[in-house]
Amino acid sequence: MSPHASRWLLVFEVRGGWEPLCAFLGVPVPEAPFPQVNERAAVRAKRPHRLLRLIVRGR
């Protein structure tokens, strides 16, 4: 990897929240909490829609 790649590449771990992402982008950290969409209920709620979309697309 190029020594300059770190300027253009962010290896982002979601657990880090807003801070590393915003620092990389050079923008202020939002006051809103970082979204937690991988909660079990959210995943289960989306599952039927995802399956239907896969069936319709034939994948």
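Residues numbered from 1 in each chain as written. Predicted model: local features only at pLDDT ≥ 70, side-chain atom pairs only at ≥ 80, totals over all residues. Heavy atoms only, no water.

*Asks:* Is there a simple way to explain the overall build of the chain in this structure?
*Replies:* Of the regular secondary structure elements, the chain holds three helices and zero strands. Along the chain, helices and strands appear, N-terminal first, in the series α-α-α. Split into buried and exposed, the 59 residues of the chain put 7% on the buried side. Roughly 5700 Å² of accessible area belongs to the chain as shown, and the carbon and sulfur atoms make up 61% of that amount. (Helix = DSSP H or I, 4+ residues; strand = E, 2+ residues; numbered from the N terminus. Buried < 20%, exposed > 50% of the residue type's maximum accessible area, 1.4 Å probe, protein only. Areas by Shrake-Rupley, 256 points an atom, 1.4 Å probe, with all protein chains shown as cover.)

*Asks:* Before we go on, may I ask you to explain the confidence of the model for the chain in this structure?
*Replies:* Detail in the predicted coordinates should be disregarded across regions flagged by low pLDDT. With 56% of its residues at a pLDDT of 70 or more, the chain shows a mean pLDDT of 77. Taken element by element, the chain is modelled with least confidence in helix H3 (residues 40-57), mean pLDDT 64, and with most confidence in helix H2 (residues 18-25), mean pLDDT 92. (pLDDT = per-residue confidence, 0-100.)

*Asks:* Where do I start with the packing of aromatic side chains in this structure?
*Replies:* Between two aromatic rings, the relevant description is the distance of the centres plus the angle of the planes. If you walk through the whole model with that rule in mind, you get two aromatic pairs. Ring plane angle 55 degrees and centroid distance 6.2 Å describe the contact between Phe-12 and Phe-34, whose orientation is recorded as tilted. In this pair, Phe-12 is assigned in the loop between helix H1 (5-8) and H2 and Phe-34 in the loop between H2 and H3, connecting sequence segments 22 residues apart. Accessibility expressed as a relative area gives 18% for Phe-34, which makes it buried. (Phe/Tyr/Trp six-rings, centres within 6.5 Å; stacked < 30°, edge-to-face > 60°.)

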